[in-house]
Amino acid sequence: MMTLIEATQLYAQVLRQLLPMGGYDTSKNTVIQMDIYGHAKALAQADLDAKRLLNVLESIPSELIDEYERDYGLPLKCQTNVNRTIEERLQILNWIRHTTNVLNRSYVAQLLQIFGIELVELVNFKPFKCTDPSDSPVNTEVLRYKVKLVVRTPLNADIACIIKNYLPAFLRIDVVEI
């Protein structure tokens, strides 16, 4: 985290660059430079205070949940918030905020769980390798970008909408319901 002096210098530099070209004296001891420094210090202090406040806030106040959801693109496509409690909405919001790696089994299971779908099994097929025999079939169930999701029925959500909006487009996803 930057110190107040470093942040003030950065803001002063930006404010100087925003001045129109022309008849301004750019030496250090002018009224304009003191004004720029004063404004830069106020902006830097506000910036550092905001960062400190946001670092302290660990939870989302329920009064602000609508604003947070709008900022994070919630409710998710393929669903509404009609039947969700505040706690459920906060859990989804925190999951969206803290999820970073989206190409793994736990992400898919958690995503489907949000929509009320239970993932039984996720099958990744192994690609054809150059070391395989020359008579090995290449266009079979052994495809590089094919995934099979085995889910429990009944499905109370539109699985095609979920696949289209939340899983990578390069994957071929087959859904098997049991």
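It should be noted that the structure appears before, not after, this text.
As a starting point, this report considers the structure included with it. Bear in mind the structure is a predicted one, so any value in this text is a computation, not a measurement. (Residues numbered from 1 in each chain as written. Predicted model: local features only at pLDDT ≥ 70, side-chain atom pairs only at ≥ 80, totals over all residues. Heavy atoms only, no water.)

1. Focus: the environment of A160
Within the fold, A160 resides in helix α6 (residues 159-166). Distance from A160 to I173, taken between C-alpha atoms, is 9.6 Å for residues 13 residues apart in sequence. (Helix = DSSP H or I, 4+ residues; strand = E, 2+ residues; numbered from the N terminus.)

2. A look at the environment of Y166
Of note, Y166 is situated in helix α6. The exposure class assigned to Y166 is buried, which follows from its relative accessible area of 19%. Spatially, the C-alpha atoms of Y166 and V108 are 9.0 Å apart, while their sequence positions differ by 58 residues. Among all residues touching Y166, those that are not within four sequence positions of it are L76, K77, Y107, L111 and F115. (Buried < 20%, exposed > 50% of the residue type's maximum accessible area, 1.4 Å probe, protein only. Contact = heavy atoms within 4.5 Å.)

3. Digging into the side chain of R89
Tracing the chain through its elements places R89 in helix α4 (residues 86-98). Given a relative accessible area of 13%, R89 falls into the buried group.

4. Digging into the packing of aromatic side chains
A complete count under the given rule lists 1 aromatic pair for this structure. Their ring planes at 15° and their centres at 5.6 Å tell us that W95 and Y107 sit as a pair that is stacked. Remark: Y107 occurs in helix α5 (residues 105-114) and W95 occurs in helix α4; sequence separation between them is 12 residues. (Phe/Tyr/Trp six-rings, centres within 6.5 Å; stacked < 30°, edge-to-face > 60°.)

5. Considerations on the environment of I65
One can find I65 in helix α3 (residues 65-71). Separated by 24 residues in the primary sequence, I65 and R89 place their C-alpha atoms 8.0 Å from one another. Not counting residues within four places of it along the chain, the set of residues in contact with I65 comprises I86, R89, L90 and L93.

6. As for the nonpolar core
Of all hydrophobic cores here, the largest spans 25 residues; its most connected members are L111, L112, L149 and L167. Elements with a minimum of two residues in this core: α4, α5, β2 (146-151) and α6. Per-element accounting of this core gives the leading share, 5 residues, to α5. (Core = buried A, V, L, I, M, F, W, Y, C linked by side-chain atoms within 4.5 Å.)

7. Side note on the packing of α5 against α6
When two helices pack together, you describe them by how their axes are tilted relative to each other and by the distance separating the axes. Taken N-terminus to C-terminus, the directions of α5 and α6 make an angle of 135°; their axes are 12 Å apart at the nearest point. In terms of axis orientation, α5 runs oblique to α6. Along this stretch, α5 crosses α6, giving a crossing that reads as right-handed. Residues Y107, L111 and L112 of α5 form the contact with α6, whose participating residues are I159, I162 and Y166. Residue composition of the contact of α5 with α6, by class: 6 nonpolar, no polar and no charged. (Axes fitted to C-alpha atoms, helices over the stretch in contact; angles between N-to-C directions. Parallel < 35°, antiparallel > 145°, perpendicular 65-115°, else oblique. Left-handed = near helix turned anticlockwise from the far one by under 90°. Nonpolar A, V, L, I, M, F, W, Y, C, P; charged D, E, K, R; others polar.)

8. Some thoughts on the pattern of salt bridges
Applying the stated rule across the entire model yields 5 salt bridges. Between K51 and D47 there is a salt bridge; the shortest N-O distance is 3.7 Å. Of the two residues, K51 and D47 are both situated in helix α2 (residues 31-56); the distance of 4 residues between them amounts to about one turn of the helix. Residue classification places K51 among the partly exposed positions, given a relative accessible area of 38%. In this structure, D66 engages R89 in a salt bridge whose closest nitrogen and oxygen atoms are separated by 2.8 Å. On the criterion of sequence distance, the pair formed by D66 in helix α3 and R89 in helix α4 is long-range, its members being 23 residues apart. Looking at D66, the relative accessible area reads 43%, which means it is partly exposed. Beyond isolated ion pairs, a larger network of salt bridges with shared partners links D66, E69 and R89. (Salt bridge = Lys/Arg side-chain N within 4 Å of Asp/Glu carboxyl O.)

Any functional reading would require information that these geometric values do not contain.
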